[in-house]
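Single-letter residue listing:
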Amino acid sequence: MARVNLLLLVVLAACALGLVTSQHLSRRYFGELEQEQERSRQLGVEYGQLQLEASTWAVHARVERIAGRQLHMRVPDAKHLHIARPEGAAK
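Residues numbered from 1 in each chain as written. Predicted model: local features only at pLDDT ≥ 70, side-chain atom pairs only at ≥ 80, totals over all residues. Heavy atoms only, no water.

Student: Kindly report on the overall build of the protein, identifying the contributing residues and their values.
Tutor: When its secondary structure is counted, the protein shows two helices and zero strands. In terms of C-alpha radius of gyration, the protein reaches 35 Å, well past the compact-globule figure of 12 Å for 91 residues. Dimensions along the principal axes, computed over C-alpha positions, put the protein at roughly 110 × 40 × 15 Å. The burial tally for the protein puts 1% of its 91 residues in the buried class. Each charge class in the protein can be summarised by its mean position, and for the 12 positive and 9 negative side chains these summaries are 3 Å apart. (Helix = DSSP H or I, 4+ residues; strand = E, 2+ residues; numbered from the N terminus. Rg over C-alpha atoms; globule rule 2.2 N^0.38 Å. Buried < 20%, exposed > 50% of the residue type's maximum accessible area, 1.4 Å probe, protein only. Lys, Arg positive; Asp, Glu negative; His and termini not counted. Charge placed at Lys NZ, Arg CZ, Asp CG, Glu CD.)

Student: Would you mind going over the pattern of salt bridges in detail, with residue names and values included?
Tutor: Throughout the structure, instances matching the rule amount to two salt bridges. Between Arg-28 and Glu-32 there is a salt bridge, with its nearest N and O atoms 3.9 Å apart. Of the two residues, Arg-28 and Glu-32 are both situated in helix 1 (residues 2-57); the distance of four residues between them amounts to about one turn of the helix. Notably, a salt bridge pairs Arg-41 with Glu-38, separated by 3.0 Å at the nearest N-O pair. With a gap of three residues between them, Arg-41 and Glu-38 both fall in helix 1, about one helical turn apart. (Salt bridge = Lys/Arg side-chain N within 4 Å of Asp/Glu carboxyl O.)

Student: Got a sec to walk through the environment of Arg-39? Specific residues and values, please.
Tutor: Tracing the backbone shows Arg-39 in helix 1. C-alpha of Arg-39 to C-alpha of Thr-21: the two residues are 18 residues apart in sequence and 27 Å apart in space.

Student: Now, about a nonpolar patch on the surface: what can you tell me, with residues and values included?
Tutor: Together, Leu-6, Leu-9, Val-10 and Leu-12 make up a nonpolar patch on the protein surface, roughly 410 Å² of accessible area in all. Tracing the backbone through its elements, the reader meets Leu-6 in helix 1. (Patch = residues over 30% accessible without salt bridge, like charges linked within 9 Å, V, L, I, M, F, W, Y side chains within 5 Å. Areas by Shrake-Rupley, 256 points an atom, 1.4 Å probe, with all protein chains shown as cover.)

Quick look at the structure:
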């Protein structure tokens, strides 16, 4: 009978250690998950800001203004335009 009690005590101690270990890991992983979710939210905000900035830089009027002032470019006259069609395209 003493051997059975000793065996049950060892099994109980192993189960208790397993429970404590799994709770510890669960709490640690939950903390890491919250940190990564916060980082994901921050990256989402930064991505939105970068998209807004990119759309601001690519505004047609801004590009046209820079092309005219800094690069001395201009829109060609209509008589100098030639529309190229791919080979085999219907006319």
